[in-house]
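Residues per chain, in single letters:
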Amino acid sequence: MRNYKIWSFVCAGIFIILFRLLYFGALPSGPIGRIAILSMIVLPLLGIFFGVISNKGLLKWSLVFVNLIAFCSFIYILLLGFGMGEA
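So, here is what we can say about the structure in this document. (Residues numbered from 1 in each chain as written. Predicted model: local features only at pLDDT ≥ 70, side-chain atom pairs only at ≥ 80, totals over all residues. Heavy atoms only, no water.)

## Focus on the overall build of the protein chain
Heads up, the condition is: Each helix is a run of DSSP H or I of at least 4 residues and each strand a run of E of at least 2, with the numbering of both proceeding from the N terminus. Only protein chains enter the area calculation, which uses a 1.4 Å probe; residues under 20% of their type maximum are buried, those over 50% are exposed, and those in between are partly exposed. Any two residues whose heavy atoms approach within 4.5 Å are treated as being in contact. The accessible surface values rely on the Shrake-Rupley method and a 1.4 Å probe; as for residues, cover is taken only from the protein chains in view.
When helices and strands are tallied, the protein chain shows three helices and zero strands. What you see in the protein chain, going N to C, is helices and strands ordered as α-α-α. Seen through its C-alpha atoms, the protein chain measures out along the principal axes to roughly 40 × 30 × 20 Å. Buried positions account for 25% of the 87 residues belonging to the protein chain. At a minimum sequence separation of 6, the contacts of the protein chain that also span at least 24 residues come to 66%. Of the roughly 6,200 Å² of accessible surface on the protein chain, a fraction of 76% belongs to carbon and sulfur atoms.

Here it is as structure tokens:
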């Protein structure tokens, strides 16, 4: 259970699956959709956390970078969706 790189990779993978479901319109609206949106915010943060506390190496920082890009891109999409990016 101490291999945090795998957990960081799993968080990024689940985020990608949920993002593709969101992109194709397969996420339902309602409470399940809200939980999916919240998990799409929390999963990259968990991936960053697991990546930072993992062992040294290039894979560690690449996983942190991938999860950081995922988090920033989703926040940007949320800002555009609420109309704050055009103001």
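Still to come is the rest of the account.
## Notes on a nonpolar patch on the surface
Rule in force here: Like charges are joined within 9 Å and nonpolar side chains (Val, Leu, Ile, Met, Phe, Trp, Tyr) within 5 Å, but only among residues with over 30% relative accessible area and no salt bridge; these make up the patches. For this document, the term salt bridge refers to a Lys or Arg side-chain nitrogen within 4 Å of an Asp or Glu carboxyl oxygen.
Where nonpolar side chains cluster on the molecular surface, the patch consists of I6, W7, V10 and I14 and spans about 330 Å² of accessible area. Within the secondary structure, W7 is located in helix α1 (residues 4-23). Using a relative accessible area of 37% as the deciding quantity, one classes W7 as partly exposed.

## Quick notes on the environment of C72
Mapped onto the fold, C72 is located in helix α3 (residues 58-81). Residue classification places C72 among the partly exposed positions, given a relative accessible area of 44%. Here the alpha-carbon distance between C72 and I41, two residues 31 residues apart in the chain, equals 9.4 Å.

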